[in-house]
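# Topology and contacts: notes
Here is what each chain is made of, one letter per residue.
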Amino acid sequence: MDFGIALATTADSWKTAKRAEELGFSHAWFYDTQMLSADCFVTMGAATVNTSKIRLGTGVLIPSNRIPAVTANAFASLNQMAPGRIDFGVGTGFTGRRAMGFGAMKLADMEEYIRVVYGLLDGEKVDTTFEGKPARIKFLNPEAGAINTDDPVRLTLSAMGPRGRRMTAKLKADWMTFSNGPEAGNAQLADMQASWAEAGNVADDLYSVHFGLGCVLEDGEPADSERSIIQAGPRAMVQLHRAVDEAVMGLPNTQKLPDSLAALRDRYVQAAASFDPEEPDRYLVTHRGHLMFVRPEERAYATADLIKYTSFTGTEAEIKDQIAQMRDAGYSQFTIQLIPGAEAAIEDWAHIKAAFA
């Protein structure tokens, strides 16, 4: 089983990617959330020249936020710097779009975007549209050495719903998801495996990635310790952010909390109206710090029960058991997100990783 890291991108995230390579992690994924973190391609460029083996990928790029010609050029440029170890992670958008007040884009539009990007990377003349008008585009001089279109750029689809998983199978792409633990994650994987088989693909060709946040607790340390709130709390808050988006903006909530956490969820949704009440655009408040930190007004809601339910938080033995369940179900890679300012937690996760070598 491979182990990766994910980063809410900062200008110096390349340093963590370098340490991940030293510790034997296979992948580093960089979030593409323009309103929250640094530009993923800038940081990935720095990572290419400071690493030699680890794979580097967008985790994930949202097509609506970058035109396909620019995206193809960015990947071809990275591929020139780190030939054959670049991953194009792509999704319809959660954080990067909700931070601007939008729901997910259409799957069909994402599929068309992928077609154009890979057409360019394959050296083709591609029919597309630009500013509402038909256009034909291609890389005009890839042989000049400015970019690399010879080595493959792997495609990974973030697909948490059945239609997205069917598209993943259709495109024979790698697959990634984000869930609340082995039970939910393994159910998603089972559906992905079924979609993969229905598309006529070879079972062993499916490469599946599970993202998570969490904290490796010391003996006797509670799940709502200060350290755990820093490392795992941002994932717990995402579930509450989803509830606010559903209540205020009518956006879909595909990861609802169980009844045991409903009262906590409802208190948060009610209290959210008092968070910066002078701001009329509520999404600008809701998503500040999303997957990066727990805001002061949210701390009371980062309970041990919520953290345990939404993240991989527990003793080393408990977390190993959770990941083993996912490995046995067929996951190819487990990726842990590291929080800005708490990147040293990678050492704890390296101990976990060692058990799955």
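Here is a short report on the structure shown in this document.

Cut-offs used in this document
- Residues numbered from 1 in each chain as written.
- Predicted model: local features only at pLDDT ≥ 70, side-chain atom pairs only at ≥ 80, totals over all residues.
- Heavy atoms only, no water.
- Helix = DSSP H or I, 4+ residues; strand = E, 2+ residues; numbered from the N terminus.
- Buried < 20%, exposed > 50% of the residue type's maximum accessible area, 1.4 Å probe, protein only.
- Contact = heavy atoms within 4.5 Å.
- Areas by Shrake-Rupley, 256 points an atom, 1.4 Å probe, with all protein chains shown as cover.
- Lys, Arg positive; Asp, Glu negative; His and termini not counted.
- Charge placed at Lys NZ, Arg CZ, Asp CG, Glu CD.
- Core = buried A, V, L, I, M, F, W, Y, C linked by side-chain atoms within 4.5 Å.
- Pairing = 2+ DSSP bridges.
- Axes fitted to C-alpha atoms, helices over the stretch in contact; angles between N-to-C directions.
- Parallel < 35°, antiparallel > 145°, perpendicular 65-115°, else oblique.
- Left-handed = near helix turned anticlockwise from the far one by under 90°.
- Nonpolar A, V, L, I, M, F, W, Y, C, P; charged D, E, K, R; others polar.
- Salt bridge = Lys/Arg side-chain N within 4 Å of Asp/Glu carboxyl O.
- Right-handed = clockwise from strand over helix to strand, strands pointing away.

### Quick look at the overall build of the protein
Scanning the protein from N- to C-terminus turns up 13 helices and twelve strands. Here the protein, with 357 residues, has 55% of them falling under the buried criterion. Of the contacts made within the protein by residues no fewer than 6 positions apart, 72% connect residues no fewer than 24 positions apart. Carbon and sulfur atoms provide 52% of the accessible area of the protein, an area that totals close to 15300 Å². The distance from the centre of the 35 positive side-chain charges to the centre of the 46 negative ones in the protein is 4 Å.

### A short note on the nonpolar core
Membership of the largest hydrophobic core comes to 67 residues, with the highest contact counts inside it found for Ile-5, Phe-25, Phe-30, Phe-88 and Trp-349. A per-element tally of this core places helix α5 (residues 107-121) first, with nine residues. Excluding residues that lie within four positions of it along the chain, Ile-5 makes contacts with Thr-16, Ala-17, Ala-20, Phe-25, His-27, Ala-28, Trp-29, Thr-335, Ile-336, Leu-338 and Ile-346. Core analysis: the next-biggest nonpolar cluster, separate from the first, contains 19 residues, Met-237, Leu-240, Phe-275 and Tyr-301 among them.

### So, unusual backbone geometry
Following Gly-59, the chain continues to Val-60 via a peptide bond in cis, the omega torsion being 10°. Residue position: Val-60 is located in the loop between β3 (55-58) and α3 (68-81). A positive phi angle, near 55°, is found at Lys-172, a position not held by glycine. Here Lys-172 is to be found in the loop between α6 (162-171) and β8 (174-178). A positive phi angle is found at Leu-291, which is not glycine, with a value near 60°.

### Here we look at the sheet that holds strand β9 (residues 208-212)
Here eight strands make up a closed barrel; going around it, the order is β1-β2-β3-β4-β7-β8-β9-β12 and the pairing parallel. On average, each strand axis in the sheet is inclined to that of its neighbour by 25°, with strand direction left out of account. Taken together, the four bridges between strand β2 (residues 27-30) and β3 define a ladder with parallel strand orientation. In the sheet register, Phe-30 faces β3, and the bridge partner there is Thr-58. Along the sheet face, α6 touches β7 (154-158) and β8 and points at about 165° away from the line of β7. On top of the sheet, helix α7 (residues 182-198) reaches β8 and β9; it is set at about 155° to β8, its chief contact.

### Considerations on the packing of helix α12 (residues 316-329) against helix α13 (residues 346-354)
It is at 10 Å that the axes of α12 and α13 come closest, and there the two elements cross at 55°. As far as their axial angle goes, α13 and α12 are oblique. Between α12 and α13 the crossing geometry is right-handed. When α12 is examined against α13, the residues Glu-316, Ile-319, Lys-320 and Ile-323 are found in contact with a partner set consisting of Trp-349, His-351 and Ile-352. Counted by class, the contact of α12 with α13 contains four nonpolar, one polar and two charged residues.

### Regarding the side chain of Arg-242
Within the fold, Arg-242 resides in helix α8 (residues 226-249). For Arg-242, which is buried and forms no salt bridge, the nearest opposite charge comes from Asp-245, at a distance of 7.5 Å. Arg-242 has contacts with Phe-94, Arg-98, Asn-253, Thr-254 and Gln-255, leaving out every residue within four places of it along the chain.

### Focus on the pairing of β9
For β9, the buried fraction is high: five of the five residues fall into the buried class. Here β9 shows no split at all, with Ser-208, His-210 and Gly-212 on one side and Val-209 and Phe-211 on the other all buried. In this structure, β8 lies alongside β9, joined through four bridges in parallel fashion. If you follow Phe-178 over to β9, its bridge partner there is Phe-211. Taking the sense of rotation as the criterion, the β-α-β connection linking β8, α7 and β9 turns out right-handed. Pairing of β9 with strand β12 (residues 333-338), which is carried by four bridges, proceeds in the parallel orientation. Following the sheet pairing, Val-209 is matched in β12 by Gln-333.

### Considering α6
Looking at α6, one finds that the buried residues are Gly-164, Arg-165, Met-167, Thr-168 and Ala-169. Turning to α6, the residues buried within the fold contact α5, β7, β8 and α7. After α6 finishes, the residue Lys-172 shows a positive phi value of roughly 55°.

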